[in-house]
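Descriptive structure summary
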Amino acid sequence: MERYFQEEIECAPLEKIKAMQDEKLAKQVRHVWDNVPYYRAKMEEKGVRPEDIRSAADLSKLPFLSKADLKAAYPYGLLAVPLRDCVRIHSTSGTTGKRVIAFYTQEDIDMWNDCCARAIMAAGGTNEDVCHIAYGYGLFTGGAGVDGGSHRVGCLTVPASSGNTERQVMFIMDLKATILCCTPSYAAYLGESMKEMGYGPDDIPLKIGIFGAEAWSEEMRRDIEKTLGIKAYDIYGLTEISGPGVAFECSEQHGMHINEDHFIVEVIDPDTGEVLPEGSQGELVFTSLDKKAFPLLRYRTRDICTLSREKCSCGRTFVRMMKPKGRSDDMLIIRGVNVFPSQIETVLLNHGYAANYQIIIDRVNNTDTLDVKVELMPQMFTDSVSEIDERRRELAEGIKNILGIRAKVSLVAPKSIERSEGKAVRVIDKRKI
Ligand code: DLL
């Protein structure tokens, strides 16, 4: 049976959602114009005033915001309410330069919690569940966001945060956790660890996984589902737009429904900025309609994906985004060829490996080198050099077929690549260009 947190909105007729968006957008543009001089200057530069934006059809008249704007306006330049109305910040996990800081009023947090509650209920969660949250708590939005949703649904919430795998396993087993929320790479690692501890899928009480914060493939989903004995759901979001729960998967598991009563989504050509017709692949751009403290208009996410308005049998009318293909800024250009790490991952998973790998790029004598380091699965471990060579050759050929360029593949011992407790670090680019 399909469950909804707010059925009257999640399943509202499209016309009703569109009308709601039009009304909210006009108000939000006015709010930004009045309170954010940085964005107002951008609008003035484009010759557009708030009264020009009457509905979502006028959206393309507005200027984009990008990460560069967030840096330029750091830290308070995009804040749209007095500081006394803000109750919290969160921040991105960026490792270089200034981090993005997003601000929230209590209303903003309430709206975000609702979005996460929708995600948990769409995955089948109820107040009977024990929800173990192993996303990081703190500046990262993962822990706090899903935690708020779990409270709204009424689950018994276990705020485990990340790290200390043995303790995670102990709580999952002792409290009979039924929902696990963490990054897919950590879920895979937990699964491996539990298997080593002797727990099979039937011993593990978990039923549902809600995994996101990084790209993961269908193959990885199947692997995690098998080891943990669960059904795994995808959840998407970003700090700038609130955090997890901007979009979530339903029982249909064919794309993630975007919470369109709170966010307008567009797909644009990342090179020209042109808005693309429905169904095209391009960069996702979000406009937040309800956020008061940090109301970003036309924010360029860099995430590459496609949308579908096809009717979903779950009854939800919100548009669906397919799994992001990676970020346009994750795209590597190796010997002139565009390479997404997810393409390499697909080859590995198709050949029976887990997503434990590293892509190392360097430049030797003015030529790019591509090394792919892959962990052998425990059952593949062998002393036979010819067997290892054959496996290596197979993978190199698979990668060549997909990318059109050669990679040097090395197979390393199981568990020899360092694990991340949050988002996985899979690319090491040593080129100094
Ligand atoms: O990762 C928010 C989040 C937390 C989402 C927990 C889901 C679960 P940031 O750290 O700001 O926020 O990173 C946002 O992560 O632009 C995507 O590139 C990527 N991302 C997030 N969810 C997914 C997903 C959180 N389900 C950036 N699939 C986004 C693919 C994802 N990529």
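Since we're looking at a predicted model, the values are computed, not measured. (Residues numbered from 1 in each chain as written. Predicted model: local features only at pLDDT ≥ 70, side-chain atom pairs only at ≥ 80, totals over all residues. Heavy atoms only, no water.)

1. A word on the overall build of the protein
For clarity, the cut-off: Helix and strand assignments follow DSSP, with helices taken as H or I runs no shorter than four residues and strands as E runs no shorter than two, numbered in order from the N terminus. A 1.4 Å probe rolled over the protein chains alone gives each residue an accessible area, and that area as a share of the maximum for its type sets the label: buried under 20%, exposed over 50%, partly exposed in between. Between two residues, a contact is recorded if the distance between any of their heavy atoms is within 4.5 Å. Each accessible area is a Shrake-Rupley estimate made with a 1.4 Å probe; only the visible protein chains count as cover when residues are assessed. Think of it this way: Lys and Arg go in the positive column, Asp and Glu in the negative one, and His and the chain ends go nowhere. To locate a charge, the coordinates of NZ of Lys, CZ of Arg, CG of Asp or CD of Glu are taken.
In terms of helices and strands, the protein carries 11 helices and 20 strands. Seen along its three principal axes, the alpha-carbon backbone of the protein occupies a region of about 70 × 60 × 40 Å. The buried share of the protein, reckoned over its 433 residues, is 53%. In the protein, of all internal contacts separated by at least 6 residues, the share reaching a separation of at least 24 is 65%. Accessible surface, the protein as shown: approximately 19100 Å² in total, 50% of it carbon and sulfur. One way to put it: in the protein the 56 positive side-chain charges average out to a point 3 Å from where the 64 negative ones average out.

2. Some details on the packing of helix α2 (residues 14-35) against helix α3 (residues 37-46)
How we decide: Where helices are involved, their axes are fitted lines through C-alpha atoms of the stretch in contact, as for all axes, and angles between N-to-C directions lie from 0 to 180°. Working definition: roughly parallel below 35 degrees, roughly antiparallel above 145 degrees, roughly perpendicular at 65 to 115 degrees, and oblique for all remaining angles. For this classification, the nonpolar set comprises Ala, Val, Leu, Ile, Met, Phe, Trp, Tyr, Cys and Pro, the charged set comprises Asp, Glu, Lys and Arg, and every other residue, Gly included, is treated as polar.
Running from N to C, α2 and α3 cross one another at 105 degrees; their axes reach a closest spacing of 6 Å. When the interaxial angle is binned, α2 and α3 end up roughly perpendicular. Across the interface between the two elements, V29, V32, W33 and N35 of α2 pack against P37, Y39, R40, M43 and E44 of α3. Taken together, the residues of the contact of α2 with α3 break down into 6 nonpolar, 1 polar and 2 charged.

3. Some details on the sheet that holds strand β19 (residues 408-412)
In plain terms, the rule: Pairing between strands is defined by DSSP: at least two bridges between the two strands are required.
Pairing in this open sheet of 4 strands is mixed, and the strands run β19-β18-β17-β20 from one edge to the other. Among the strands making up the open sheet, the edge pair consists of β19 and β20 (427-429). Going across the sheet, the axis of each strand differs from the next one's by a mean of 20 degrees, ignoring polarity. As paired strands, strand β17 (residues 357-364) and β20 are joined by 3 bridges and run parallel to one another. Across the sheet, the residue bridging to I360 is I428, located in β20. Along the sheet face, helix α10 (residues 341-350) touches β17, β18 (367-375) and β20 and points at about 125 degrees away from the line of β17. With respect to the sheet, helix α11 (residues 385-403) is in contact with β18 and β19, its orientation differing from that of β19 by roughly 135 degrees.

4. Structural notes on the site of the ligand
As a reminder of what qualifies: A molecule or strand has a residue near it when one of that residue's heavy atoms lies within 4 Å. We call two N or O atoms a polar contact when they sit within 3.5 Å, provided that within protein one can donate a hydrogen and the other can accept it, with sequence-adjacent residues counted only if both atoms are side-chain atoms.
As a matter of local geometry, the ligand sits amid 22 residues, with D234, I235, T239, D303 and K423 nearest to it. A215 is positioned such that a nitrogen or oxygen atom in its backbone is 3.5 Å from a nitrogen atom of the ligand. Separating a nitrogen atom of the ligand from a side-chain N or O atom of D234 is a distance of 2.8 Å. Protein coverage of the free-state accessible area of the ligand, which is 600 Å², stands at 94%. Within the residue set of the shell around the ligand, elements represented by two or more residues are α6 (141-153) and β7 (231-238). Residue contributions to the shell around the ligand peak at 5 residues, all from β7. Looking at the shell around the ligand residue by residue, the class counts come to 9 nonpolar, 7 polar and 6 charged.

5. As for the side chain of T239
Structurally, T239 can be placed in the loop between β7 and β8 (243-249). Overall, the relative accessible area of 8% leaves T239 in the buried class. Leaving out residues up to four positions away in the same chain, T239 has contacts with H90, S91, T92, A102, Y104 and T141.

6. A word on the environment of K231
Relative to the elements of secondary structure, K231 occurs in strand β7. Along the sequence, K231 and L206 sit 25 residues apart, while their C-alpha atoms lie 9.1 Å from each other. Setting aside residues up to four positions removed in sequence, K231 forms contacts with K207, I208, G209, E225, S251 and Q253.

7. Concerning the packing of aromatic side chains
Heads up, the rule is: Geometry of aromatic contacts follows a simple scheme: Phe, Tyr and Trp rings, the Trp one being its six-membered ring, pair when their centres are within 6.5 Å, and the pair is stacked under 30 degrees between planes, edge-to-face over 60, tilted otherwise. Placement of a positive charge over a ring is assigned whenever Lys NZ or Arg CZ falls within 6 Å of the ring centre and within 35 degrees of the normal to the ring plane.
What the rule picks out here adds up to 6 aromatic pairs. Centroid distance Y236 to F286: 6.2 Å. Interplanar angle 35 degrees. Geometry classified as tilted. Of the two residues, Y236 sits in strand β7 while F286 sits in strand β11 (residues 282-288), which places them 50 residues apart along the sequence. With respect to burial, Y236 and F286 carry one shared label: buried. Every member of this aromatic cluster is reached through a ring pair, and the members are Y76, F103 and F294. We note K291 situated over the ring of Y104; from NZ or CZ to the ring centre the distance is 4.8 Å. A cation sits over an aromatic face here: R300 above F64, 5.5 Å from the ring centre.

Function-wise, these values are silent; they only describe arrangement.
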